[in-house]
Amino acid sequence: MLWSCGEAFCGDTVRDLMDALLKVRLSAENSSPPAPGLELTDDHLLMTVGDIFGAGVETTTTVLKWTVLYLLHYPEVQRKIQEEMDQKIGLARHPHLSDRPLLPYLEATISEVLRIRPVSPLLIPHVSLADTSIGEYSIPKGARVVINLWSVHHDEKEWDRPEEFNPGRFLDERGQHIHSPSPSYLPFGAGIRVCLGEVLAKMELFLFLAWVLQRFTLECPQDQPLPSLEGKFGVVLQVQKFKVKARLRDAWRAAS
Ligand code: HEM
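All figures in this text were calculated on a predicted structure; none of them were measured in a lab.

Rules behind the numbers
- Residues numbered from 1 in each chain as written.
- Predicted model: local features only at pLDDT ≥ 70, side-chain atom pairs only at ≥ 80, totals over all residues.
- Heavy atoms only, no water.
- Helix = DSSP H or I, 4+ residues; strand = E, 2+ residues; numbered from the N terminus.
- Buried < 20%, exposed > 50% of the residue type's maximum accessible area, 1.4 Å probe, protein only.
- Contact = heavy atoms within 4.5 Å.
- Areas by Shrake-Rupley, 256 points an atom, 1.4 Å probe, with all protein chains shown as cover.
- Lys, Arg positive; Asp, Glu negative; His and termini not counted.
- Charge placed at Lys NZ, Arg CZ, Asp CG, Glu CD.
- Donors = N, O, S within 2.8 Å, 3.2 Å for Na, K, Ca; no water.
- Axes fitted to C-alpha atoms, helices over the stretch in contact; angles between N-to-C directions.
- Parallel < 35°, antiparallel > 145°, perpendicular 65-115°, else oblique.
- Nonpolar A, V, L, I, M, F, W, Y, C, P; charged D, E, K, R; others polar.
- Core = buried A, V, L, I, M, F, W, Y, C linked by side-chain atoms within 4.5 Å.
- Salt bridge = Lys/Arg side-chain N within 4 Å of Asp/Glu carboxyl O.
- Polar contact = N/O pair within 3.5 Å; in protein donor to acceptor, adjacent residues only side chain to side chain.
- Expected span 1.5 Å × (residues − 1).

## Brief notes about the overall build of the protein chain
Of the regular secondary structure elements, the protein chain holds eight helices and eight strands. The principal-axis extents of the C-alpha atoms in the protein chain amount to approximately 65 × 55 × 40 Å. Looking at the 256 residues of the protein chain, the share that counts as buried comes to 35%. Long-range pairs, those at least 24 residues apart, make up 67% of the contacts in the protein chain with a sequence separation of at least 6. Carbon together with sulfur atoms contributes 58% to the accessible area of the protein chain, which is approximately 15700 Å² in total. In the protein chain, 27 positive and 33 negative side-chain charges are present, and the distance between their average locations comes to 5 Å.

## Some thoughts on the coordination of the iron atom of the ligand
Coordination of the iron atom of the ligand by the protein comes from a single atom, Cys195 (SG), at 2.3 Å. With respect to the helices and strands, Cys195 occurs in the loop between helix H6 (149-153) and helix H7 (198-215).

## Let's talk about the environment of Ile178
Position of Ile178 relative to the elements: it lies in the loop between H6 and H7. For Ile178, the contacting residues outside a window of four places in its chain are Arg169, Phe170, Leu171 and Asp172.

## Thoughts on the packing of helix H4 (residues 75-88) against H7
Following both chains from N to C, one finds H4 and H7 inclined at 90 degrees, their axes separated by 10 Å at the closest point. Classed by the angle they form, the pair H4 and H7 counts as roughly perpendicular. Between H4 and H7, the residues in contact are Gln78, Ile81, Gln82 and Met85 and Ala210, Leu213 and Gln214, respectively. A breakdown of the residues in the contact of H4 with H7 according to their chemical character gives four nonpolar, three polar and no charged.

## Some words on the nonpolar core
Grouped together as the largest cluster of nonpolar side chains are 37 residues, with contacts concentrated most on Trp66, Ile81, Leu106 and Ile110. Counting residues per element, the ones that place at least two in this core are helix H3 (42-73), H4, helix H5 (104-116) and H7. Here Leu106 is in contact with Ile81, Glu84, Phe206, Leu209 and Ala210, once residues within four sequence places are set aside. Counting six residues, the second largest nonpolar core, distinct from the first, contains Phe9, Leu21, Leu22 and Leu45.

## Remarks on the pattern of salt bridges
Tallying each qualifying case throughout the model produces 13 salt bridges. We note a salt bridge from Glu107 to Arg100, for which the minimum N-O separation is 2.5 Å. On the accessibility criterion, Glu107 (9% relative accessible area) is buried. Across the salt bridge formed by Arg174 and Asp172, the nearest N and O atoms sit 3.6 Å from each other. Through salt bridges that share partners, Glu112, Arg115 and Arg169 make up one connected network.

## A word on the side chain of Ser128
Summarising the element assignment, Ser128 is placed in the loop between strand E1 (126-127) and strand E2 (132-134). The exposure class assigned to Ser128 is buried, which follows from its relative accessible area of 11%. Only 3.4 Å separates the side chain of Ser128 from the backbone oxygen of Pro140, close enough to count as a polar contact. Once residues lying within four places of it in the same chain are set aside, the contact partners of Ser128 are Ile139, Pro140, Lys141, Gly142 and Ala143.

## Some words on H7
For H7, built from 18 residues, the straight-helix expectation of 26 Å at 1.5 Å per residue is met to within 8% by its first-to-last C-alpha distance of 26 Å. Buried residues of H7: Ala201, Leu205, Phe206, Leu209, Ala210, Leu213, Gln214 and Arg215, and no others.

## Description of unusual backbone geometry
Phi is positive for Leu123, close to 45 degrees, though the residue is something other than glycine. Checked against the element boundaries, Leu123 lands in the loop between H5 and E1. Overall, the relative accessible area of 18% leaves Leu123 in the buried class. Of note in the backbone geometry, Arg161 takes a positive phi value of approximately 40 degrees without being a glycine. If you trace the backbone, Arg161 turns up in the loop between H6 and H7. Residue Arg161 is classed as exposed on the basis of its relative accessible area of 53%.

Right, here's the structure in full:
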């Protein structure tokens, strides 16, 4: 893959992440005086692309599955998203990223899914680099620190009825999307090791859901019970397998 990308990359047009990395490598090689320590080896390139796939695919697809599952359980939430889309975007054009401010209820739904079913309920283990403290707890250098994000996102002191799926908690009194109504909301972690893909992931989630819900209503197949909302603990908090029926919306059929 690296070889064929290297062949195809001419140094002018950056089409994707691999091109961007190859461009940095080319400019480091051509810099005068040479920039020692800034070279990107083939290993660097391959590991970076591997990291992006590893950290970016399973996480985002899992959030999409949780969202679909919650929409099956809460059809009124799905209806509200579709009403908002019909009013603000209509059926004559596709949703764009620039429509995000127009669809606060969809944004709030994504935020609520990330709260109630955090992809990484224990984040990623961290190690303290120096003696330090968190609140009243002292943390010695070298200690392994595991953040219980599940408990942070389900803390009754911070969230009203935390077990309830309620996108409305991410809306202000004017119906605008609140990015973080409580400091106890860290679906992408925080600090120096915060998720590098947060912005990209939010764009992907928005576009995927907006496109699907503009055309389809998601339903539980008639012969199936409502699937379980309990997760399976793995690399990420996984959804148990379930079936979904995507029914073309009458409004979409009539408009096309
Ligand atoms: C909804 C989707 C995603 C969620 C919920 C998510 C969540 C997280 C979390 C919780 C962490 C650990 C933060 C910590 O330990 O403090 C993390 C790290 C990371 N994420 Fe994501 N992530 C998502 C999508 C992505 C995407 C799309 C990419 C890349 C394209 C990505 C790249 C990374 C990387 C590289 C790290 C490690 C950062 C570091 O250790 O410095 N993530 N993510």
